[in-house]
Amino acid sequence: MPHLTSTKTNTPNTELRAGFGAPGFAHPLVAPAEWAELTRPGTPLHWAVLNVADGPGARPDPHCLEAAGRLRNAGVRVLGHLDTTGVRTYGELVPEAHRYVDWYQVDGFLLDHCPAEHAALPEVRRTVTALRAIRDDAHIVLGHGTHPHPGYAENADQLVTFSGPWSDYRWSQVAEWTADYPPDRFCHFVHGLPGPHLEEALRIARWQGASTIWFTDRTDHGGRVDPWETMPGYWDEIVSRIGTGVSE
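Residues numbered from 1 in each chain as written. Predicted model: local features only at pLDDT ≥ 70, side-chain atom pairs only at ≥ 80, totals over all residues. Heavy atoms only, no water.

Novice: Describe in detail the packing of helix H6 (residues 198–208) against helix H7 (residues 235–242), supporting the description with residues and values.
Specialist: Two numbers describe how H6 lies on H7: the axes approach to 11 Å, and their chain directions differ by 45°. In terms of orientation, H6 lies oblique with respect to H7. You can see that H6 and H7 cross each other, and the crossing is right-handed. For the pair H6 and H7, the contacting residues are Leu198, Glu199 and Leu202 in the first and Glu237, Ile238, Arg241 and Ile242 in the second. Grouping the amino acids of the contact of H6 with H7 by side-chain chemistry returns four nonpolar, no polar and three charged. (Axes fitted to C-alpha atoms, helices over the stretch in contact; angles between N-to-C directions. Helix = DSSP H or I, 4+ residues; strand = E, 2+ residues; numbered from the N terminus. Parallel < 35°, antiparallel > 145°, perpendicular 65-115°, else oblique. Left-handed = near helix turned anticlockwise from the far one by under 90°. Contact = heavy atoms within 4.5 Å. Nonpolar A, V, L, I, M, F, W, Y, C, P; charged D, E, K, R; others polar.)

Structure (structure tokens):
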């Protein structure tokens, strides 16, 4: 387990250019306003995840094609959702990645529920190498949801080092090894965050050195609901707090 500390002392908060990483709204038919909102000019959006049907689905979905096209036309990266839960391996994930690229022209991938232990690193490395062969400039995000073994940082563009409720995030700490990397390498996803604590949460992200965030007041209702499927109730407020940014 990597050693933890409460701050990233070599990363002053003035260096942070925060923006959003949208982990994955509900289907565009169910959440049309959410998908449309992501293309609003001036929204500091780093990327958005497309999850058609627990993956790319069995055939192209015209509604998802339209939503992904609008984002890409607005200059926003679209990432295909690949679920690595359990023992899903290279051989299972790569065909899904091909479908995402062929059908939706995605710019990269989020490997959700990515393992964090050292033993799984060779398989993840093999998978990432294959994904970059499919899309040579693919933006790869490893969705650990916790601090992984530091070796993972060399195999992806970004790591999700926190994903969970505000009740855990407010007391969270950061692994010391992350101080060797800039804030744009790390993402934090926090649900169940009340509006009055928004500034506190942004301060934690700054001190821990994570520049891609998704904060929401939606909750998972004990794991029964996906808190990322709808827009935060304070969307306008958090956009104004972060300020306008430029998508990479």
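That shown, we press on.
Novice: Explain helix H2 (residues 62–73) to me, using residue names and the numbers behind them.
Specialist: Over its 12 residues, H2 extends 16 Å from the first C-alpha to the last, a length consistent with the 16 Å expected when each residue adds 1.5 Å. Buried within H2 are the following residues: Cys64, Ala67, Ala68 and Leu71. An end-on view of H2 places all buried positions within 95° of arc, on one side of the element. Exposed residues on H2 whose side chains face more than 90 degrees from its buried face are Pro62 and Asn73. Near the N-terminus of H2, the side chain that reaches the backbone nitrogen of histidine 63, with its oxygen 2.8 Å away, is that of aspartate 61. (Expected span 1.5 Å × (residues − 1). Buried < 20%, exposed > 50% of the residue type's maximum accessible area, 1.4 Å probe, protein only. Arc of directions from axis to C-beta. Polar contact = N/O pair within 3.5 Å; in protein donor to acceptor, adjacent residues only side chain to side chain.)

Novice: Pulling in residues and values, what's your account of the pairing of strand E9 (residues 186–191)?
Specialist: Counting buried positions along E9 gives six out of six residues, so the element sits mostly inside the fold. With burial as the criterion, each face of E9 is covered, one bearing Phe186, His188 and Val190 and the other bearing Cys187, Phe189 and His191. Alignment of E9 against strand E10 (residues 212–215), held across four bridges, turns out to be parallel. Bridging from a neighbouring strand, histidine 188 pairs with isoleucine 213 of E10. (Pairing = 2+ DSSP bridges.)

Novice: Now, about the pattern of salt bridges: what can you tell me, with residues and values included?
Specialist: Taken as a whole, this structure holds 12 salt bridges when the rule is applied. Among the salt bridges present, the one from aspartate 137 reaches arginine 135, with a minimum N-O distance of 2.3 Å. Arginine 135 sits in the buried class, given a relative accessible area of 18%. Across the pair arginine 241 and glutamate 237 runs a salt bridge whose closest N-O atoms are separated by 3.0 Å. Here glutamate 237 and arginine 241 lie together in helix H7, a separation of four residues that amounts to about one turn. Accessibility expressed as a relative area gives 39% for arginine 241, which makes it partly exposed. Relative accessible area serves as the criterion here: at 31%, glutamate 237 is assigned to the partly exposed category. Linked by salt bridges that have partners in common, Arg72, Asp107, Arg135 and Asp137 make up one network. (Salt bridge = Lys/Arg side-chain N within 4 Å of Asp/Glu carboxyl O.)

Novice: Could you give me a rundown of the side chain of histidine 147, with the residues and numbers involved?
Specialist: Tracing the chain through its elements places histidine 147 in the loop between strand E6 (139–143) and strand E7 (158–165). Among the polar contacts listed, one links the side chain of histidine 147 to the backbone nitrogen of alanine 175, at a separation of 3.3 Å.

Novice: Tell me about the pairing of strand E2 (residues 19–22), and name the residues and values.
Specialist: Residue alternation in E2 divides its side chains into two sets, Gly19 and Gly21 and Phe20 and Ala22, and both sets are buried. Of the strand pairs in this sheet, E2 and E10 are connected by two bridges, and their pairing is parallel. Along E10, the bridge assignment pairs glycine 19 with threonine 212. Sheet analysis places E2 next to strand E3 (residues 45–50), joined by three bridges and oriented parallel. Residue pairing across strands places glycine 21 opposite tryptophan 47, the latter belonging to E3.

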